[in-house]
Amino acid sequence: MDIDLSPKLPKKVYGGNGGSYHAWDPKELPMLKAGNIGAGKLALEKNGFALPRYSDSAKVAYVLQGCGVAGIVLPEKEEKVIAIKKGDAMALPFGTVTWWYNKEDPDLVVLFLGETSKAHKAGEFTDFFLAGANSVFSGFSTEFLCRASDLGENDVKALVGSQTGTGIVKLDPSLQMPEPKPEHREGMALNCIEAPLDVNVPNGGRVVVLNTKNLPLVGEVGLGADLVRLDGSAMCSPGFSCDSALQVTYVVRGSGRAQVVGVDGKRVLEITVKAGNLFIVPRFFVVSKIADPDGLEWFSIISTPNPIFTNLAGKTSVWKALSPQVLQAAFNIKPEAEKLFRSKRTSDAVFFPPPN
């Protein structure tokens, strides 16, 4: 595979006083188009309001910063109004209408990662707005809108034409937006920072995995996700997705080094990653990361709702599962070398603390 895998930053697509929306460009990150993956980031300032919209892609949303309110309307369902904060993940199936509001400082920042195989443009999300100067209603004639709404011509013009903003607007602080309801969060959001840990290695790292058990809607989205927090100078075991899934990684915090190895043992990426970077690991390619002293945290989606990974180091690695004779023959080593290899990394951990 001769394709640029180096991490990239997003570019601003639109915005104004209320905030901005940025997206990663498949021309700069070709794996987006090749893997049918889209990625974007919404940033809302105080009183910023992201107008109601739906997308041509199923997505997973992850709150990177701040807190706010999200309105979510699943197809043929009633509106759910939920409080969101840093660490919250939400699955947004096809046809879901959403709006987002930030009434406080600091900025509310939400990451969107999703699958674009049915999108208008491979590797890109296209949103369809229900309000604003570029809304779907602005394209219909007055006659059609009057018939659809059972309103008079003047009322229709006021309804459709009063909002001159596009995508994101800043609301008057006196406007009372819907209050979130705690019961609406059930099944709609999971806080990855507060959720029970799926992996916890002292001085190594921690993982929370989103799947159909703890967030059933990921089954409708067709994606899995995880939040990985790697301690300072710790290592994440080399491994690959054994169910042909792509892994899309956004670096939330910290920095570190990453290596990706592909076909014929060729190292296709060796890079220092830092907060804000997005990179994609192709199917069956092997990836490993080592955190810098300040640690490394990333959020990933995997293009299957219940991903399975194979590790190449540690007790659970495929090498430890193979018989000693096979290891000796494969590596062309003596029995004592095989025993030494097998005696190391005897825990179930996929994270390795820094050397003493």
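Residues numbered from 1 in each chain as written. Predicted model: local features only at pLDDT ≥ 70, side-chain atom pairs only at ≥ 80, totals over all residues. Heavy atoms only, no water.

Engineer: Tell me about the domain arrangement of the chain, and please be specific about residues and values.
Structural biologist: Each domain of the chain was delimited in the assignment, giving domain 1 (11-132 + 167-184) and domain 2 (192-309). Listed as interface residues are 26 residues of domain 1 and, on the opposing side, 22 residues of domain 2. Here domain 1 meets domain 2 over a buried area of about 2100 Å², counting both sides, of which 81% is carbon and sulfur. Of all residues in domain 1, Met 31, Tyr 62 and Leu 113 give up the largest surface area on contact with domain 2, accounting jointly for 25% of the area buried on that side. Between the two partners, domain 1 and domain 2, sit 1 salt bridge. One salt bridge in this structure joins Glu 194 and Lys 85, with 2.6 Å as the shortest N-O distance. (Domains from an automatic or database assignment. Contact = heavy atoms within 4.5 Å. Buried area = accessible area lost by both parts, 1.4 Å probe. Salt bridge = Lys/Arg side-chain N within 4 Å of Asp/Glu carboxyl O.)

Engineer: Would you mind going over the layout of surface pockets in detail, with residue names and values included?
Structural biologist: Quantified by volume, the largest pocket comes out at close to 550 Å³. Lining the largest pocket are 23 residues, with Val 207, Val 209, Asp 226, Phe 309 and Val 350 sitting closest to its centre. For the lining of the largest pocket, the element with the highest residue contribution is strand S17 (residues 235-241), accounting for 4 residues. A class-by-class count of the residues in the lining of the largest pocket yields 13 nonpolar, 7 polar and 3 charged. If you go around the second largest pocket, you meet 19 residues; those closest to its centre are Val 13, Tyr 21, Ala 23, Glu 124 and Phe 125. The set of elements that each furnish at least two residues to the lining of the second largest pocket consists of strand S1 (11-16), strand S2 (19-23) and strand S11 (127-129). Tallied by class, the residues present in the lining of the second largest pocket amount to 11 nonpolar, 4 polar and 4 charged. (1 Å grid on protein atoms, 1.4 Å probe; cavity = no way out; pocket = protein on both sides within 12 Å on 5 of 7 lines; lining within 4 Å. Points joined across faces, edges and corners; volume = space filled by probe spheres on them. Helix = DSSP H or I, 4+ residues; strand = E, 2+ residues; numbered from the N terminus. Nonpolar A, V, L, I, M, F, W, Y, C, P; charged D, E, K, R; others polar.)

Engineer: Describe unusual backbone geometry, listing the residues and the values that go with them.
Structural biologist: In this structure, the amide linkage connecting Asp 105 to the following residue, Pro 106, adopts the cis form with an omega of -5°. For Pro 106, the location among the structural elements is in the loop between strand S9 (97-102) and strand S10 (108-115). Notably, Asn 36 is not glycine yet its phi reads approximately 55°, a positive angle. Note that Asn 36 resides in the loop between helix H1 (31-35) and strand S3 (37-44). The phi dihedral of Asp 150 is positive, around 60°, even though this residue is not glycine. Positionally, Asp 150 belongs in the loop between helix H2 (142-149) and helix H3 (153-161). We classify Asp 150 as exposed; its relative accessible area is 71%. (Buried < 20%, exposed > 50% of the residue type's maximum accessible area, 1.4 Å probe, protein only.)

Engineer: I'd like a description of empty space enclosed by the protein, backed by residues and values.
Structural biologist: Counted according to the given criterion, the structure contains 2 cavities of 30 Å³ or more. Considering only enclosed or pocket space, the largest cavity measures out at about 140 Å³ in volume. Those elements giving two or more residues to the lining of the largest cavity turn out to be strand S4 (48-55) and S9. It is S4 that provides the largest number of residues to the lining of the largest cavity, a total of 3 residues. Residue composition of the lining of the largest cavity, grouped by class: 7 nonpolar, 5 polar and 3 charged. When its volume is computed, the second largest cavity comes out at roughly 40 Å³. Ranked by residue count, the leading element in the lining of the second largest cavity is S17, at 3 residues. Residue composition of the lining of the second largest cavity, by class: 8 nonpolar, 3 polar and no charged.

Engineer: Please provide a residue-by-residue account of the pattern of salt bridges, values included.
Structural biologist: Enumeration according to the criterion identifies 12 salt bridges in this entry. Among the salt bridges present, the one from Asp 4 reaches Lys 8, with a minimum N-O distance of 3.0 Å. You can call Lys 8 buried: its relative accessible area is 17%. The partner of Lys 59 in a salt bridge is Asp 127, with the nearest N and O atoms 3.4 Å apart. Of this pair, Lys 59 sits in strand S5 (residues 58-65) while Asp 127 sits in strand S11, and the two are 68 residues apart along the sequence. Judged on exposure class, the residue Lys 59 and its partner Asp 127 are both buried.

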